[in-house]
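If you want the building blocks of each chain, they are given just below.
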Amino acid sequence: MVTPTQEIWDWLAEVPDPEIPVVSVTELGIIREVAWDGDTLKVAITPTYSGCPATSVIDLMVEEKLREKGVQNIALERRLSPPWTTDWVAQSARDKLREYGIAPPIDGTASDGRMGRAARLSGHNLTIPCPRCASGNTDKVSQFGSTPCKAAYVCRDCLEPFDYFKCH
Amino acid sequence: MVALDLDRQTLFDWLLRLGDNALILGHRTSEWCGHGPALEEDIALANTALDLIGHCQMWYTLAAEVEGKGRTADNLAYLRDAIQFKNVKLVELPNGDIGQTMMREFLFNAFHFELLTALTGSTDPKVSEIAAKAVKEVAYQLDRASDLVVRLGDGTEESHRRMQAALDYLWPYVGEMFLADATDDALAEAGIAPRLTDIQTKWEAIVSDTLDEATLTRPDRRPDVHTGGKQGRHTEHLGYILAEMQFLQRAYPGAEW
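Residues numbered from 1 in each chain as written. Chains lettered and ligands numbered in written order. Predicted model: local features only at pLDDT ≥ 70, side-chain atom pairs only at ≥ 80, totals over all residues. Heavy atoms only, no water.

Visitor: Could you give me a rundown of the interface of chain A and chain B, with the residues and numbers involved?
Guide: Taken together, the contact pairs 33 residues of chain A with 31 residues of chain B. Approximately 2700 Å² of surface area, both sides summed, lies buried where chain A meets chain B, with 56% of it carried by carbon and sulfur atoms. If you sort the residues of chain A by the area they bury against chain B, A:S50, A:R120 and A:F144 come out on top, with a joint share of 25%. Taken together, chain A and chain B are joined by five salt bridges. Linking B:E213 and A:R117 is a salt bridge whose minimum nitrogen-to-oxygen distance equals 2.7 Å. Taken together, the links from chain A to chain B amount to 16 residue pairs in polar contact (both at pLDDT 80 or more). Those elements that place two or more of their residues in the side of chain A that touches chain B are helix 4 (115-122) and strand 5 (138-142) of chain A. A per-element tally of the side of chain A that touches chain B places helix 4 of chain A first, with five residues. Taken together, the residues of the side of chain A that touches chain B break down into 13 nonpolar, 15 polar and five charged. (Contact = heavy atoms within 4.5 Å. Buried area = accessible area lost by both parts, 1.4 Å probe. Salt bridge = Lys/Arg side-chain N within 4 Å of Asp/Glu carboxyl O. Polar contact = N/O pair within 3.5 Å; in protein donor to acceptor, adjacent residues only side chain to side chain. Helix = DSSP H or I, 4+ residues; strand = E, 2+ residues; numbered from the N terminus. Nonpolar A, V, L, I, M, F, W, Y, C, P; charged D, E, K, R; others polar.)

Visitor: Would you mind going over the pattern of salt bridges in detail, with residue names and values included?
Guide: Overall, the coordinates contain 34 salt bridges over all chains when judged by the stated rule. Residue A:R114 pairs with B:E114 through a salt bridge whose shortest N-O separation is 2.7 Å. Of this pair, A:R114 sits in the loop between strand 4 (102-103) and helix 4 while B:E114 sits in helix 4 (residues 98-119), on two different chains. Under the relative-accessibility criterion, B:E114 is labelled buried at 6%. In this structure, B:R17 and B:D184 form a salt bridge, with 3.1 Å as the shortest nitrogen-oxygen distance. Taken together, the residues span a long stretch of sequence, with B:R17 in helix 1 (residues 8-30) and B:D184 in helix 7 (residues 182-189) at a distance of 167 residues. Three or more residues are tied together by salt bridges with common partners; here these are A:R117, A:R120, B:D147, B:R151, B:D209 and B:E213. (Buried < 20%, exposed > 50% of the residue type's maximum accessible area, 1.4 Å probe, protein only.)

Visitor: Mind laying out the environment of A:T85, listing which residues take part and the relevant values?
Guide: For A:T85, the location among the structural elements is in the loop between strand 3 (73-78) and helix 3 (91-100). By relative accessible area, A:T85 is classed as buried at 13%. When the C-alpha positions of A:T85 and A:T46 are compared, they lie 10.0 Å apart, and in sequence the two are 39 residues distant. Residues in contact with A:T85, not counting those within four places in the same chain, are A:H168 and B:K136.

Visitor: So what's going on with the domain arrangement of chain A? Residues and values would help.
Guide: Residues and elements named next belong to chain A. The assigned domain composition of chain A is domain 1 (5-78) and domain 2 (98-165). Centre-to-centre separation of domain 1 and domain 2, based on C-alpha positions: 29 Å. Residue-level contacts link six residues of domain 1 with seven residues of domain 2. Roughly 600 Å² is buried in total at the junction of domain 1 and domain 2, and carbon and sulfur atoms are behind 84% of that figure. Its largest share of buried area at the contact with domain 2, domain 1 owes to I20, V22 and Y49, together 64% of the area lost on that side. (Domains from an automatic or database assignment.)

Visitor: A description of the environment of A:G113 should follow, citing residues and the corresponding values.
Guide: Residue placement: A:G113 occurs in the loop between strand 4 and helix 4. The class of A:G113 is buried, set by a relative accessible area of 5%. For the pair A:G113 and A:Q72, spaced 41 residues apart in sequence, the C-alpha separation works out to 45 Å. Sequence-distant contacts of A:G113, defined by excluding residues within four places in its chain, comprise B:F113, B:A139, B:L142 and B:D143.

Put into structure tokens, the structure is as follows:
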């Protein structure tokens, strides 16, 4: 008797991201496929960033969850293509991120290597609203924040520092 | 499927160059961890190092698979000696001050970004998959490095002087990135990799725009003086990096955690 894959997706929705535990791995869009191959459950997971140390922890947590639910044979696949993008981050996760104090990604603003130059030359920086007070009067402190997927910002109105989940 | 008319050894050697550039620059960058001039810079450099080490893991995994001798990505990182490393000399040089570190990151990132962009169109799907993953990260690295080159170059008198000195010091090493040998030619003919002269043209555009904005002067000297890293001939600095990086696996072979 195999469990329907929809139910397995629901189980995986209970697995939190180890770095940002308010969102689940399914909401982050890193679980790419769940399928049975005979009595083996195949789960394809894509890394967010290629050097993200959370990747192996996520594999472990997914496996633990499946074992807890009684799945015996598990084959995890690390899938590189298509590469993960923040476009796959669910709306529910974006709301949770904001409530948690992390500004969610603004779609369509991924770096092309020349984004900073364009901003310097035009004088128009990307406006990242403060997740606490919603002010647009914020500045980027660093392109890389507490993890590779985030940038460090500070709000000039409420004066709080915050992380921005970069568009990727 | 790897192009059949290209021999395995050539493809393996070329993949090592990509992996070794990423690992050695990643290791150098990680040396700033805990020593950055400001907390945000420290964190940013550590994140950059993580990106690069992630890239080397992908390239080494593919290289080991192409080689087909049962070696793993870890074997390639920890159990080769300096002469078997194929990174360009630019990435193994000591960090120097933060200005020299950021200038080197910038000069390499601009090359890395254009190379990976071209590799997303590789005839080898595995190469193009890795490039597509890595280039998104290198785009942010390039943005950050060029921003700092401009801010420091067009900063105070002291920061300007240091950035110009860094550029002058690093310049004789940059030419090696574009110096094609038989391996590069074979890869380009198979459509797996671009011609390095095409990458150089694109690199020149980024570098000249950024140096202009940074009020820095392009050195009037040959860029291809210090070469040979891609063939395994390195500066004395690489041995010290490996001594530190490989110590654990050399002292306790096969150790895992």
